[in-house]
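One letter stands for each residue in the lines below.
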Amino acid sequence: GKFSASRVLLRPASPGTGPAHIPDCAGGRTRQHRTEPRLRRAEHQAGEGRLTLGGCMTHEIADTVAGRVREARRILFITGAGISADSGLPTYRGTGGLYNGRLTESGLPIEEVLSGEMFARAPEVTWSYLLEIERHCRGAAPNAAHRAIAELERDKAVTVLTQNIDGLHRAAGSRDVIEIHGTLNRLCCLSCGKVRTVEDFAGFEQPPACDACGRML
């Protein structure tokens, strides 16, 4: 997956030794260059990169992360919207994101529209944007990054702490997932407490009602 999608915390050999910035080679900015060593080597040998293969920090960091993962017994992945970009889901504030550089149609930032305060005051407003977000997520499948994290659970204790509400970590097979903003697939009635699991929001009212007591989900 992209380095911007997940945060891997590495301890420097001594305080203050971490680089202030990471130099990169021109080819290192392409997916094929990052993931296919043969193409990476050929591009460097052809002089297409600004740095030599040995001096390209993109590759050095990837190798360092891989080594730390191999040695680790317990791993915590912290992920955000970037990890789901390769599943075709737009980010919120990133380049090309749903709300990059603009307010919602309500004239408010998306963070305010989706806040607990707004939900308590005007749940129909919050639900209108939850429905929009779910439409963009509908039909998405886990990508290679989700699957790689889930695969690590075979040999290691892996926890995922994610801001995402798309459910793709669980769909990929990850079991120890902390979804700090919840997930679109599990809804709870605010009155009777009944939990409802759904595939999608197709046909939902705004806001949707509990099928047990008729109050708001």
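Everything below is about the structure printed above this text.
Residues numbered from 1 in each chain as written. Predicted model: local features only at pLDDT ≥ 70, side-chain atom pairs only at ≥ 80, totals over all residues. Heavy atoms only, no water.

(A) Examining the overall build of the chain more closely. When you go through the chain residue by residue, the secondary structure sums to 8 helices and 6 strands. Along the chain, from the amino end to the carboxyl end, the secondary structure elements read β-α-α-α-β-α-α-α-α-β-α-β-β-β. Counting across all 217 residues of the chain, residues that qualify as buried make up 33%. The contacts of the chain with a sequence gap of at least 6 include a subset with a gap of at least 24, amounting to 51%. With an accessible surface of roughly 13100 Å², the chain has 51% of that area assigned to carbon and sulfur atoms. (Helix = DSSP H or I, 4+ residues; strand = E, 2+ residues; numbered from the N terminus. Buried < 20%, exposed > 50% of the residue type's maximum accessible area, 1.4 Å probe, protein only. Contact = heavy atoms within 4.5 Å. Areas by Shrake-Rupley, 256 points an atom, 1.4 Å probe, with all protein chains shown as cover.)

(B) Geometry of the packing of aromatic side chains. Counting across every chain of the model gives 2 aromatic pairs. For the ring pair phenylalanine 201 and phenylalanine 204, a centre distance of 4.8 Å and an interplane angle of 10 degrees mean the geometry is stacked. Each member of the pair, phenylalanine 201 as well as phenylalanine 204, carries the same accessibility label: buried. One aromatic cluster in this structure is built from Trp127, Phe201 and Phe204. (Phe/Tyr/Trp six-rings, centres within 6.5 Å; stacked < 30°, edge-to-face > 60°.)

(C) The pattern of salt bridges, seen in detail. Summed over the entire model, instances satisfying the criterion amount to 6 salt bridges. A salt bridge links arginine 186 to glutamate 179, with the nearest nitrogen and oxygen atoms 3.0 Å apart. A salt bridge links lysine 194 to aspartate 211; the shortest N-O distance between them is 2.9 Å. Of this pair, lysine 194 sits in the loop between strand 5 (186-188) and strand 6 (195-197) while aspartate 211 sits in the segment after strand 6, and the two are 17 residues apart along the sequence. Classification of aspartate 211 by relative accessible area gives exposed; the value is 52%. Here the residues in one salt-bridge network are Arg170, Glu179 and Arg186, joined through shared partners. (Salt bridge = Lys/Arg side-chain N within 4 Å of Asp/Glu carboxyl O.)

(D) The side chain of aspartate 166, seen in detail. Turning to its location among the elements, aspartate 166 is positioned in the loop between strand 3 (157-162) and helix 8 (168-172). One buried charged residue, aspartate 166, remains without a salt bridge, the closest side chain of opposite sign being arginine 170 at 9.5 Å. Looking at aspartate 166, its side chain comes within polar contact range of the main-chain nitrogen of leucine 168, at 3.0 Å. (Lys, Arg positive; Asp, Glu negative; His and termini not counted. Polar contact = N/O pair within 3.5 Å; in protein donor to acceptor, adjacent residues only side chain to side chain.)

(E) Structural context of the nonpolar core. Grouped together as the largest cluster of nonpolar side chains are 16 residues, with contacts concentrated most on Trp127, Leu184, Leu187, Phe201, Phe204 and Leu217. If one sorts the elements of this core by residue count, helix 6 (residues 123-137) sits on top with 5 residues. (Core = buried A, V, L, I, M, F, W, Y, C linked by side-chain atoms within 4.5 Å.)

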